[in-house]
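If you want the building blocks of each chain, they are given just below.
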Amino acid sequence: IKMKKISVSIPGCNGRMGKTLLSLILENPKYEIAAATCLPNEEEVGIDIGFFAGKSKINKEINAEPTTLFQNSNVLVDFTAPNATMFHAKECYNNNMSIVIGTTGFSADQEKELRSFSKKIPIVYSANFSIGVTLLSKLVSNATKTLGFDWDIEVLEMHHKHKVDSPSGTALLLGKSAADARQQELSNVKSISRDGLVGKRKSEEIGFAVLRGGDVVGEHSVLFCNSGERIELAHKATDRSIFASGALRASYWAASAEPGFYSLADVLENGG
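Residues numbered from 1 in each chain as written. Predicted model: local features only at pLDDT ≥ 70, side-chain atom pairs only at ≥ 80, totals over all residues. Heavy atoms only, no water.

A.B. asks: How do you make sense of the overall build of the protein chain when you look at a structure like this?
C.D. replies: Looking only at helices and strands, the protein chain features nine helices and 11 strands. Taking 272 residues into account, the globule formula puts the C-alpha radius of gyration at 19 Å, and the protein chain, at 20 Å, falls close to it. Buried positions account for 49% of the 272 residues belonging to the protein chain. Sequence-distant contacts, at least 24 apart, represent 68% of the contacts inside the protein chain between residues at least 6 apart. Accessible surface, the protein chain as shown: approximately 13800 Å² in total, 49% of it carbon and sulfur. (Helix = DSSP H or I, 4+ residues; strand = E, 2+ residues; numbered from the N terminus. Rg over C-alpha atoms; globule rule 2.2 N^0.38 Å. Buried < 20%, exposed > 50% of the residue type's maximum accessible area, 1.4 Å probe, protein only. Contact = heavy atoms within 4.5 Å. Areas by Shrake-Rupley, 256 points an atom, 1.4 Å probe, with all protein chains shown as cover.)

The structure is reproduced here in structure tokens:
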């Protein structure tokens, strides 16, 4: 059977994730690049996409015109920044086009607006497109249900020194898995900073600790602590291409999915 090929648009293609996505798309016959953009004042404007991604020339250049992202494209893959992502999602909505979002740091209002767009288009949204983290999230949920409220839960994360949001979207995703398993709202039980005389730990709180330094791609641990024993569930990413390949896998699925608001777990469970 001949495999269906899909066209993918990449905004912010000169960022860390953007470049990795371009490179993977050019290596895989299931995908082609519809358009790749960067900001008008950036030096990558006009560079051949193939050359930029370290491959051979494809006679298609990086441009600074956002409208190109929505022409002759099946799906847009977005790892930019919240405001840019909202603009792209709105345009996908207007153009009946699927979108895969790996951006983190959205406000509650922005997330609500994304959900409203998903009534008309497929949106796959995940704070982490690693298959391993998707499994870790499930393990955290199962462990929390089994251990109940007698165990303290703490989330530890470390990333490279350039990361701008904290705690990471992935750490919050893991905290949410634990809170959901206890039938609580994460916003009511999360403890993000402890400084000074904060008093003793509340029994139901889920604590977060954040480390930043060097070139760490992403490390997350969830600790379950009781008197006399401790369980640690951890995931370490050593290459950011795992996120790009997870997002591409999601984009192939999203290109022909029904409208809806999906996670990477939904994609994997539905044969993506």
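A.B. asks: Explain the sheet that holds strand 8 (residues 206–212) here, please?
C.D. replies: For sheets, the rule is that strands pair by backbone hydrogen bonds, running either parallel or antiparallel. Strand order in the open sheet formed by five strands is 7-8-6-9-10, with mixed pairing between adjacent strands. Bordering the open sheet on either side are strand 7 (190–191) and strand 10 (229–237), each of which pairs with just one other strand. Summarising the sheet, strand 7 and strand 8 pair through two bridges and their orientation is parallel. Bridging across to strand 8, K190 finds its partner in I206. Its contacts with the sheet put helix 6 (residues 169–181) on strand 6 (152–159), strand 7, strand 8 and strand 9 (218–226), and the angle it makes with strand 8 is roughly 165 degrees. (Pairing = 2+ DSSP bridges. Axes fitted to C-alpha atoms, helices over the stretch in contact; angles between N-to-C directions.)

A.B. asks: Whenever I open this one, the packing of helix 5 (residues 131–147) against helix 6 confuses me. Can you help?
C.D. replies: If you want to describe how two helices pack, look at the angle between their axes and the distance between the axes. One can describe the packing of helix 5 onto helix 6 by two numbers: an axis separation of 8 Å at closest approach and a directional angle of 30 degrees. It follows that helix 5 is roughly parallel to helix 6 by the angle criterion. In this structure, the crossing between helix 5 and helix 6 has a hand that is right-handed. On the side of helix 5, the interface is formed by V133, L136, S137, V140, S141, T144 and K145, while helix 6 contributes T170, L173, L174, S177, A178 and A181. (Parallel < 35°, antiparallel > 145°, perpendicular 65-115°, else oblique. Left-handed = near helix turned anticlockwise from the far one by under 90°.)

A.B. asks: I keep staring at the pattern of salt bridges and nothing clicks. Help me out?
C.D. replies: A side chain with one charge may pair with a side chain of the opposite charge, provided their charged atoms come close. Counted under the stated rule, the structure contains 10 salt bridges. Notably, a salt bridge pairs R212 with E157, separated by 2.7 Å at the nearest N-O pair. Of this pair, R212 sits in strand 8 while E157 sits in strand 6; the two residues are 55 residues apart in sequence, bridging distant segments of the chain. The residue E205 makes a salt bridge to R194 at a minimum N-O spacing of 2.6 Å. (Salt bridge = Lys/Arg side-chain N within 4 Å of Asp/Glu carboxyl O.)

A.B. asks: Would you explain the packing of aromatic side chains in this entry?
C.D. replies: Overall, the coordinates contain six aromatic pairs when judged by the stated rule. Between F106 and Y125, the aromatic rings sit 5.6 Å apart at their centres with planes inclined by 70 degrees, giving edge-to-face as the arrangement. Highlighted residues: F106 in the loop between strand 4 (98–101) and helix 4 (108–117) and Y125 in strand 5 (residues 122–125), separated in sequence by 19 residues. Among the residues examined, F106 registers a relative accessible area of 12% and is labelled buried. Taken together, the ring pairs in this structure connect F106, Y125 and F261 into an aromatic cluster. When the ring centre of Y252 is taken as origin, the NZ or CZ atom of K4, which lies over that ring, is 5.9 Å away. Lying over the aromatic face of F52, K19 brings its terminal NZ or CZ to 4.8 Å of the ring centre. (Phe/Tyr/Trp six-rings, centres within 6.5 Å; stacked < 30°, edge-to-face > 60°. Lys NZ or Arg CZ within 6 Å of the ring centre and 35° of its normal.)

A.B. asks: Explain the packing of helix 1 (residues 16–27) against helix 8 (residues 241–254) to me, please; I cannot follow it from the model alone.
C.D. replies: Helix 8 packs onto helix 1 with a crossing angle of 60 degrees between their chain directions and a minimal axis gap of 9 Å. Put simply, helix 1 runs oblique to helix 8. Read as a crossing pair, helix 1 and helix 8 show a hand that is right-handed. On the side of helix 1, the interface is formed by M17, T20, L21, L24 and I25, while helix 8 contributes S241, F243, A244, S245, A247 and L248. Each residue belonging to the contact of helix 1 with helix 8 can be placed in one class, and the counts come to eight nonpolar, three polar and no charged. (Nonpolar A, V, L, I, M, F, W, Y, C, P; charged D, E, K, R; others polar.)

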